[in-house]
Amino acid sequence: MSSASSKATMQDTAEISQGSEGEEYISGSEEPHPGGGDEDGVTEASQPSPSKRQHKTRSKVAKALNKIRGKEIPQSIRIPPGDPDAIRAVLEQLRIMDVLEGKAGVAGRGGKATDGHKVDFITKRYSSSLPFPGEEPSSEDGYIEPAKAIEDGRREPYPLPKDFEWSILDVDDSKQIKEVYDLLSLNYVEDDSAAFRFQYSAEFLEWTLKSPGYFKEWHVGVRVSSNKKLVAFISGVPTTLRVRGNVFRASEINFLCVHKKLRSKRLAPVLIKEVTRQVHLQGISRAIDTVGAVLPTPVSTCRYYHRPLNIPKLVNVEFTCVPRNMTLARMIREYKTDATPRLPGLREMEEKDIPRVADLFAQYMQRFNLAPIMTVDEIRHLFLGGRGDVEQPCEKYRRPKQVLWAHVVEDPGKHRVTDFFSFYSLPFTIINRPRPNLLEAAYLFYYASDVAFKLRLDESNKLKTRLVHLIGDALIIANQANFDVFNAVTLMDNVTVLDDFEGLFGAGDSLLNLYLYNWRTAPLAGVNAIGDVEAGRGVGVVMV
């Protein structure tokens, strides 16, 4: 990254799939481990002895290296702890592959890591049975498998292993939302060093899962039959996508999570099959998802960037460090933001702005090869639905239960909205730390400026300058709202903009791979330019 002081200490490791290549999943064939359960009624998976585990790990490393040498990219690799020679061998092989070209996904702090709940999903023996693009890049757009008629869809749920049962989660029920929150809080994505874990709040889940036209059947859970404890979850929400010149309905898949003690039960594949079945029953046969790991084949790969805000706290929790040639005081001065936003006419987005914002959004998304198409109601929910308790006063740009910040710039003379920007809150739990135990992270969301519609070819820098001002004010607001770090991904116009912040936005170690289910298309520019499309400009979809 361009500034060592803003680089998070991330580890370039990824999980290796559980089980041997020849292993087949048979629904209902797995028996619970005979060992004792915990107070929640969740049974731990059996663990091999240290000697067997070490032998198995070395075998997996050797196997992965053989695949790399044979030009076959393994899905992921676990670097064995305490074995420096094996670590060096793996990293050297990875270095000469295409990781830096976006063809491999490496997760770290600030990104969606390859955690245990994703491992089952990314196994080749399972992903090969799903209609994802093959390993060769596609040269034309279209279905991978023909769309199924609704009447041809499977009506019965897929069988689960013994002692588990399906549950459709009612997101209008605060008790059930809390169950999802509790499951994710303790078992969802961690960084590779197990120091940080995403902390999705109940308000965040309501905002993301209750978009207009959502189907409650797409919020799929698994419970322990005996005590009804929620131990696994996956969600889908409907969306409309434009991929180059093609427009279609799709489902946005998210929050795939399995209780840590049940990862050996192979619940993740059957969860995916079940939510796919529910989606098909609504006449939708395509989906979009993001994963930190590599499947054949992502349509785009993006990189996370980080802009530190609260330097003392980030150093204290070891999210970043003070470079050798710099003191903490100097580092704080370099990353200091202004006290108030600079753009005249900047204010919080309101209901009256929604028609104009919807128009700006629709026009701006035309700049990108992959983009969402949204109705006015969807725009309203997207930018106003996460504002928190609007009856409470907003102090220091933050109100209770707020998860989404959206601001517009109104031309003072014409009283017309010319720009908007937004960011959302997704904090991290700092694991095994008493205080501070929460890292407040803001993520750049959607933005637009009418400068993009007025440009001639020789005036492209005007848009870049305008976006730098918009995102600069977003940083100021985030800092005043007591966020610790501001994150962004290399999509939309972010790449050229983030590079203009004097090195204060640092490239992280996290890569995020984007997949389309049952739709093939040529690769889209993400972390790197593709053809005459600039880096980032291929992707206009921001997934939370």
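Residues numbered from 1 in each chain as written. Predicted model: local features only at pLDDT ≥ 70, side-chain atom pairs only at ≥ 80, totals over all residues. Heavy atoms only, no water.

Trainee: Would you mind going over the packing of helix 10 (residues 354–365) against helix 11 (residues 376–384) with me for this structure?
Mentor: Think of two packed helices as two axes; the pair is described by the angle between the axes and how far apart they sit. Packing of helix 10 against helix 11 leaves a shortest axis separation of 9 Å and a crossing angle of 100 degrees. Between helix 10 and helix 11, the interaxial angle falls into the category roughly perpendicular. Counted together, Ile354, Val357, Ala358 and Phe361 of helix 10 and Val376, Ile379, Arg380, Phe383 and Leu384 of helix 11 form the full contact between these two elements. Of the residues assigned to the contact of helix 10 with helix 11, the class counts are 8 nonpolar, no polar and 1 charged. (Axes fitted to C-alpha atoms, helices over the stretch in contact; angles between N-to-C directions. Helix = DSSP H or I, 4+ residues; strand = E, 2+ residues; numbered from the N terminus. Parallel < 35°, antiparallel > 145°, perpendicular 65-115°, else oblique. Contact = heavy atoms within 4.5 Å. Nonpolar A, V, L, I, M, F, W, Y, C, P; charged D, E, K, R; others polar.)

Trainee: Teacher, can you tell me more about the environment of His306 here?
Mentor: Here His306 lies in strand 7 (residues 300–308). The exposure class assigned to His306 is buried, which follows from its relative accessible area of 0%. Within the local environment of His306, its side chain forms a polar contact with the side chain of Asn487, the two groups lying 2.8 Å apart. (Buried < 20%, exposed > 50% of the residue type's maximum accessible area, 1.4 Å probe, protein only. Polar contact = N/O pair within 3.5 Å; in protein donor to acceptor, adjacent residues only side chain to side chain.)

Trainee: Would you mind going over helix 11 with me for this structure?
Mentor: An α-helical segment advances 3.6 residues per turn. Residues three or four places apart therefore align on the same side. Within helix 11, the full set of buried residues consists of Glu378, Ile379, His381, Leu382, Phe383 and Leu384. Where helix 11 is buried, its residues contact helix 6 (202–209), strand 5 (246–258), helix 10, strand 10 (404–411), strand 11 (416–425) and strand 14 (441–449).

Trainee: What should I look at first to understand the nonpolar core in this one?
Mentor: In summary, soluble globular proteins display a tendency toward joint burial of nonpolar side chains. Core analysis: the largest hydrophobic core is formed by 105 residues, its most contacted members being Tyr364, Phe383, Phe420, Phe423, Phe445, Tyr446 and Phe486. With sequence-adjacent residues up to four places away left out, Phe383 is seen in contact with Met349, Val357, Phe361, Leu404, Ala406, Phe420, Ser422, Phe445 and Tyr446. Counting residues in hydrophobic clusters, the runner-up holds 20 residues, among them Val222, Ala232, Leu256 and Leu262. (Core = buried A, V, L, I, M, F, W, Y, C linked by side-chain atoms within 4.5 Å.)

Trainee: Would you mind showing me how to read unusual backbone geometry here?
Mentor: Leaving glycine out, the prevailing phi sign among residues is negative, and the prevailing peptide bond configuration is trans. In the Ramachandran plot, Lys228 falls in the positive-phi region, its phi being about 65 degrees despite a non-glycine side chain. Residue classification places Lys228 among the partly exposed positions, given a relative accessible area of 41%. Phi is positive for Asn518, which is not a glycine, with a value near 60 degrees. Note on placement: Asn518 falls in the segment after strand 16 (506–517). The exposure class assigned to Asn518 is buried, which follows from its relative accessible area of 3%.

Trainee: Please explain the pattern of salt bridges as it appears in this structure.
Mentor: If charged atoms from side chains of opposite charge come close, those side chains can pair. For the structure shown, the criterion picks out 23 salt bridges. As a salt-bridge pair, Lys228 and Glu165 come within 2.8 Å of each other at their nearest N and O atoms. Residue Lys228 is located in the loop between strand 3 (219–224) and strand 4 (230–243), and its partner Glu165 is located in strand 1 (residues 164–168); the two are separated by 63 residues in the primary sequence. Classification of Glu165 as partly exposed rests on a relative accessible area of 24%. Here Arg347 makes a salt bridge to Asp353, at a shortest N to O gap of 2.8 Å. Accessibility expressed as a relative area gives 4% for Asp353, which makes it buried. Residues joined in a network through salt bridges with shared partners are Arg347, Glu350, Lys352, Asp353 and Glu410. (Salt bridge = Lys/Arg side-chain N within 4 Å of Asp/Glu carboxyl O.)

Trainee: In this structure, what is going on with the environment of Leu467? I would like to understand it.
Mentor: Mapped onto the secondary structure, Leu467 falls in helix 12 (residues 460–480). Linking Leu467 and Ala448, residues 19 residues apart in sequence, is a C-alpha distance of 8.3 Å. Those residues in contact with Leu467 that sit more than four places away from it in its chain are Tyr364, Tyr447, Ser449, Asp493 and Val497.

Trainee: For this particular structure, what's the right way to read the confidence of the model for the chain?
Mentor: Looking at the chain as a whole, its pLDDT mean stands at 79, while 72% of the residues score no less than 70. The lowest-confidence element of the chain is helix 3 (residues 116–122), averaging 37 in pLDDT; the highest-confidence one is helix 11, averaging 98. Across residues 1–37, where pLDDT falls below 50, the model places 108 contacts with residues more than four positions away in sequence or in other chains. Low pLDDT, under 50, characterises residues 64–77; the stretch is placed with 31 contacts to residues that sit more than four places away or in other chains. (pLDDT = per-residue confidence, 0-100.)

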